[in-house]
Amino acid sequence: MKWTDTRRIAEELYDLHGETIDPKTVRFTQLRDLIMALPEFDDDPARCGERILEAVQQAWIEEAE
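Residues numbered from 1 in each chain as written. Predicted model: local features only at pLDDT ≥ 70, side-chain atom pairs only at ≥ 80, totals over all residues. Heavy atoms only, no water.

Colleague: Break down the pattern of salt bridges for me, citing the residues and quoting the values.
Modeller: If you walk through the whole model with that rule in mind, you get 3 salt bridges. For the salt bridge of Glu62 with Arg7, the shortest nitrogen-to-oxygen distance reads 3.0 Å. Here Glu62, found in helix H3 (residues 50-64), pairs with Arg7, found in helix H1 (residues 6-17); they are 55 residues apart in sequence, far enough to count as distant. Overall, Glu62 belongs to the partly exposed group, its relative accessible area being 39%. In this structure, Asp43 and Arg47 form a salt bridge, with 3.9 Å as the shortest nitrogen-oxygen distance. Judged by relative accessible area, which is 55%, Arg47 ranks as exposed. (Salt bridge = Lys/Arg side-chain N within 4 Å of Asp/Glu carboxyl O. Helix = DSSP H or I, 4+ residues; strand = E, 2+ residues; numbered from the N terminus. Buried < 20%, exposed > 50% of the residue type's maximum accessible area, 1.4 Å probe, protein only.)

In structure tokens:
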């Protein structure tokens, strides 16, 4: 998985943390760490930016609803 796989990342985050983390309250620093800890994630941390994190967070919120 790469940073641009926002929908897939959101689905994985929901599957792993949907019961314990509210995506509306997660901080970007925490979100970045959660993404990088995903088993199938394999991308350069330097390629991550605020726009990507916003897109992942929004997709995760939609997944949770």
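There's plenty left to go through after this.
Colleague: Please provide a residue-by-residue account of the packing of helix H2 (residues 28-36) against H3, values included.
Modeller: Interaxial distance between H2 and H3 falls to 10 Å at its minimum, and their mutual angle equals 80°. By the angle between their directions, the pair H2 and H3 is classed as roughly perpendicular. Contacts between H2 and H3 involve Phe28, Leu31, Arg32, Leu34 and Ile35 on the former and, on the latter, Glu50, Leu53, Glu54, Val56, Gln57 and Trp60. Counted by class, the contact of H2 with H3 contains 7 nonpolar, 1 polar and 3 charged residues. (Axes fitted to C-alpha atoms, helices over the stretch in contact; angles between N-to-C directions. Parallel < 35°, antiparallel > 145°, perpendicular 65-115°, else oblique. Contact = heavy atoms within 4.5 Å. Nonpolar A, V, L, I, M, F, W, Y, C, P; charged D, E, K, R; others polar.)

Colleague: Before we move on, can you summarise H2 with the specific residues and values?
Modeller: Side chains of residues three or four places apart in an α-helix project in the same direction, reflecting 3.6 residues per turn. Of all the residues in H2, the buried ones are Leu31, Leu34 and Ile35. Take H2 and look down its axis: the buried residues cluster within an arc of 100°, on one side only. Buried residues along H2 sit against H1 and H3. (Arc of directions from axis to C-beta.)

Colleague: Please set out the environment of Ile61 residue by residue, giving values where relevant.
Modeller: Tracing the sequence through the fold places Ile61 in helix H3. For Ile61, a relative accessible area of 14% translates into the label buried. Separated by 38 residues in sequence, Ile61 and Pro23 place their C-alpha atoms 5.7 Å apart. Setting aside residues no more than four positions away along its own chain, Ile61 makes contact with Pro23 and Lys24.

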